[in-house]
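Next come the chains, spelled out residue by residue.
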2 protein chains.
Amino acid sequence: MSRRRASIPAPSVTRLPIYHRVLRQMASRRVTTVSSLELAEEAGVNAATLRRDLSHLGTYGTPGTGYEVEHLLDAVDRALTLSREWPIVIAGAGDLGRALSRSRGFTTGGFRVAALVDVDPARVGTVVNGVLVRHLDELDEVVRLEAIRLGIVATPAASAADTVTRLARAGVRSILNFAPAIVTPPERIVVRNVDLAAELQMLAFYAARAELDESPAAPTSLPGRLRSPG
Amino acid sequence: MSRRRASIPAPSVTRLPIYHRVLRQMASRRVTTVSSLELAEEAGVNAATLRRDLSHLGTYGTPGTGYEVEHLLDAVDRALTLSREWPIVIAGAGDLGRALSRSRGFTTGGFRVAALVDVDPARVGTVVNGVLVRHLDELDEVVRLEAIRLGIVATPAASAADTVTRLARAGVRSILNFAPAIVTPPERIVVRNVDLAAELQMLAFYAARAELDESPAAPTSLPGRLRSPG
DNA sequence: GCATGTGAACACATTCACAGCA
DNA sequence: TGCTGTGAATGTGTTCACATGC
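In this report, the structure presented in the accompanying data block is examined. (Residues numbered from 1 in each chain as written. Chains lettered and ligands numbered in written order. Predicted model: local features only at pLDDT ≥ 70, side-chain atom pairs only at ≥ 80, totals over all residues. Heavy atoms only, no water.)

Now for the overall build of chain A. A tally of regular secondary structure across chain A gives 8 helices and 12 strands. Taking contacts inside chain A between residues at least 6 apart in sequence as the whole, the part at least 24 apart equals 54%. Counting only carbon and sulfur atoms, one obtains 50% of the accessible surface of chain A, whose full area is about 10300 Å². (Helix = DSSP H or I, 4+ residues; strand = E, 2+ residues; numbered from the N terminus. Contact = heavy atoms within 4.5 Å. Areas by Shrake-Rupley, 256 points an atom, 1.4 Å probe, with all protein chains shown as cover.)

This is the structure:
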């Protein structure tokens with residue numbers, strides 16, 4: 001059994017979590033088998049795209065029948081490495097950081113808020129959802145101790161770049177950045193930006209277009225998963 | 001002066017907010033002129049891509065010189081229709097909904113939280129950041145009264161689909177969905193999903209890859225603006 | 001017969017490279 | 001000379017369509 005070499009295309013990776021969710025729901029509904037057509041419909045993607053995506057994980061389908069839900073769910077789970085524990089550090093214990101800490105989004109997979117850091121003395125020492133807020137200076141120690149590889153930046157924009165640098169230096173490999181700042185990540189660090197202002201601006205663009213323009217042209221799919229009917 | 005017909009490609013639209021931000025910073029630094037190379041560097045994109053993106057807005061550059069910052073900023077502002085008022089409704093006044101209400105992300109452009117709705121009697125009637133939380137049943141009225149076209153879904157996953165339908169029916173055209181659910185939007189409605197669980201799963205994928213695989217292959221850019229060094 | 005997995009065609013976005021203009 | 005704007009080339013993801021195998 002050899003490690004899969006061919007890297008999975010990025011757009012495909014962004015869809016895997018969707019399939020994972022749909023499959024989980026199907027499994028909980030005791031659905032045993034599903035065709036690429038059904039699965040694609042539920043996930044809101046083209047059936048060929050779905051089959052191509054799954055083919056990157058290996059061969060899990062049965063011609064003439066479809067996919068075994070449990071089996072496929074396992075495969076996606078393994079591809080995303082969700083079976084292992086994923087401790088996370090959240091930098092920034094403001095409104096957003098605290099809201100994220102309490103979020104349900106972590107329950108799926110082995111995600112767990114293992115650490116919260118901030119620089120504000122008023123926040124350091126407080127406890128959010130059972131996690132002690134530490135000072136940013138303790139970052140290295142905490143990350144090493146807990147073997148943290150995933151980080152979330154929920155700081156003000158001005159601190160974002162520095163925070164990303166510190167996280168990377170501490171050993172964090174992938175970062176979800178909620179701060180409205182353009183961050184140029186260090187070598188080999190993957191940063192994904194979730195930018196409320198940018199999202200709203202895009203939505204405004206399309207809303208404005210919908211208003212003054214009754215023509216279609218609304219794109220079916222957009223980078224980052226914008227959805228609109230075909 | 002005719003309305004621009006050619007629709008701007010979706011990937012280009014996702015980058016406009018980035019340019020907008022960089023240009024704003026430059027303007028505040030009293031920079032008057034900028035070349036595509038400098039601007040592209042700051043925004044983290046290829047210079048040719050930047051020029052192509054800007055060419056969709058019209059002709060704003062001067063060969064041999066570059067772009068006038070203020071002038072270009074205006075152009076991007078106009079393209080994104082940020083000069084007008086954009087009242088927003090947030091559905092769901094839980095931790096996340098309240099955190100978003102207080103967020104700084106709205107300050108850019110004419111975004112303003114005009115309404116907050118929820119179904120929980122314990123939340124309805126409370127005031128968040130100066131905005132009264134109303135019951136979901138009042139949605140139609142509020143949206144019509146305030147001429148709201150933008151909505152944010154911050155409800156539990158189970159309610160997301162229904163909430164999107166209601167928002168659309170009330171007159172909202174573009175929706176930012178924070179609920180971890182796959183939403184198939186109604187005709188002509190644009191939905192953009194911000195899915196914490198999905199984002200973490202993707203990040204886990206790349207973090208795992210970085211660990212067991214010292215080879216490069218980390219993608220330079222990913223849909224939805226994942227960033228990693230070239 | 002029926003659905004997978006995939007070669008091949010297609011559709012785009014990105015990037016190069018340069019003509020043209022300040 | 002320097003930089004824009006854009007044809008053309010490239011690279012990549014999506015989709016079609018079907019050979020293959022259950």
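With that settled, consider the packing of aromatic side chains. Residues and elements named next belong to chain A. Per the stated rule, a full pass over the model turns up 2 aromatic pairs over all chains. Seen from their ring centres, phenylalanine 205 and tyrosine 206 are 5.0 Å apart, and the 90 degrees between their planes marks the pair as edge-to-face. This pair shows no difference in class: phenylalanine 205 is buried, exactly as tyrosine 206 is. (Phe/Tyr/Trp six-rings, centres within 6.5 Å; stacked < 30°, edge-to-face > 60°. Buried < 20%, exposed > 50% of the residue type's maximum accessible area, 1.4 Å probe, protein only.)

Residue and element names in this part refer to chain B. Within the open sheet, the 3 strands sit side by side as E1-E3-E2. Their pairing is antiparallel. Lying at the two open borders of the sheet, with one neighbouring strand each, are strand E1 (33-34) and strand E2 (61-62). Pairing geometry for E1 and strand E3 (residues 66-68), over 2 bridges, is antiparallel. Bridge pairing links threonine 33 to glutamate 68 in E3. (Pairing = 2+ DSSP bridges.)

Between chain A and chain B, which share one sequence, the superposing operator has a rotation angle of 180 degrees and an axial displacement of 0.0 Å; the RMSD is 0.0 Å. Overall, the copies show the geometry of a two-fold rotation axis. A shared interface surface links the copies, since 100% of the contact residues of chain A are contact residues in chain B too. (Least-squares fit on C-alpha atoms with pLDDT ≥ 70 in both.)

All names here are of chain B. A positive phi angle, close to 55 degrees, is found at asparagine 129, a residue other than glycine. On the secondary structure map, asparagine 129 appears in the loop between strand E6 (127-128) and strand E7 (131-135). Here alanine 147, not a glycine, exhibits a phi torsion of approximately 55 degrees, which is positive. Within the fold, alanine 147 resides in the loop between helix H6 (139-146) and strand E8 (150-153).

With 85 residues of chain A at the contact, the number on the chain B side is 85 residues. Summing both partners gives a buried area of about 7800 Å² for chain A against chain B, and 63% of it is carried by carbon and sulfur. For the pair chain A and chain B, the interface holds 10 salt bridges. Notably, a salt bridge pairs A:Arg102 with B:Asp95, separated by 3.5 Å at the nearest N-O pair. At the boundary of chain A and chain B, one finds 15 residue pairs in polar contact (both at pLDDT 80 or more). Per-class residue counts for the side of chain A that touches chain B are 51 nonpolar, 14 polar and 20 charged. (Buried area = accessible area lost by both parts, 1.4 Å probe. Salt bridge = Lys/Arg side-chain N within 4 Å of Asp/Glu carboxyl O. Polar contact = N/O pair within 3.5 Å; in protein donor to acceptor, adjacent residues only side chain to side chain. Nonpolar A, V, L, I, M, F, W, Y, C, P; charged D, E, K, R; others polar.)

Among the 23 residues in the neighbourhood of DNA strand C, the closest are listed as A:Ser36, A:Arg52, A:Tyr67, B:Arg15 and B:Arg52. Separating a phosphate oxygen of DNA strand C from a side-chain N or O atom of A:Tyr67 is a distance of 2.6 Å. For the surface near DNA strand C, the leading source of residues is helix H3 (residues 47-55) of chain B, giving 4 residues. For the surface near DNA strand C, a count of residues per class yields 6 nonpolar, 12 polar and 5 charged. (Near = heavy atom within 4 Å.)

This next bit is on the protein's contact with DNA strand D. In the vicinity of DNA strand D, 25 residues are found, and the nearest of them are A:Arg15, A:Arg52, B:Ser36, B:Arg52 and B:Tyr67. In DNA strand D, atoms within 4 Å of the protein come 54% from sugar and phosphate. Contact between DNA strand D and A:Arg15: a phosphate oxygen at 2.7 Å from a side-chain N or O atom of the residue. Listing elements by their share of the surface near DNA strand D, those giving two or more residues are helix H1 (10-28) and helix H3 (47-55) of chain A together with H3, E2 and E3 of chain B.

This part covers the pairing of strand E5 (residues 110-118) of chain A. Residue and element names in this part refer to chain A. Of all 9 residues making up E5, 8 are buried, and the element is well covered by its neighbours. Bridge analysis of strand E4 (residues 85-91) against E5 gives 7 bridges, and the strand direction is parallel. Bridging across to E5, alanine 91 finds its partner in valine 117. In this view, the connection linking E4 to its parallel neighbour E5 by way of helix H5 (residues 95-101) has right-handed handedness. (Right-handed = clockwise from strand over helix to strand, strands pointing away.)

The next thing to look at is the pattern of salt bridges. According to the stated counting rule, one finds 26 salt bridges over all chains in the structure shown. Across the pair A:Arg15 and A:Asp53 runs a salt bridge whose closest N-O atoms are separated by 2.6 Å. A residue pair is termed long-range when its members are at least 10 positions apart, and A:Arg15 in helix H1 and A:Asp53 in helix H3 qualify at 38 residues. For the pair formed by A:Arg15 and A:Asp53, the shared burial category is buried. One salt bridge in this structure joins B:Arg98 and B:Asp95, with 3.3 Å as the shortest N-O distance. Here B:Arg98 pairs with B:Asp95, and both are found in helix H5 (residues 95-101), just 3 residues apart, close to one helical turn.

Spatial relationships are all this shows, so hold off on functional conclusions.
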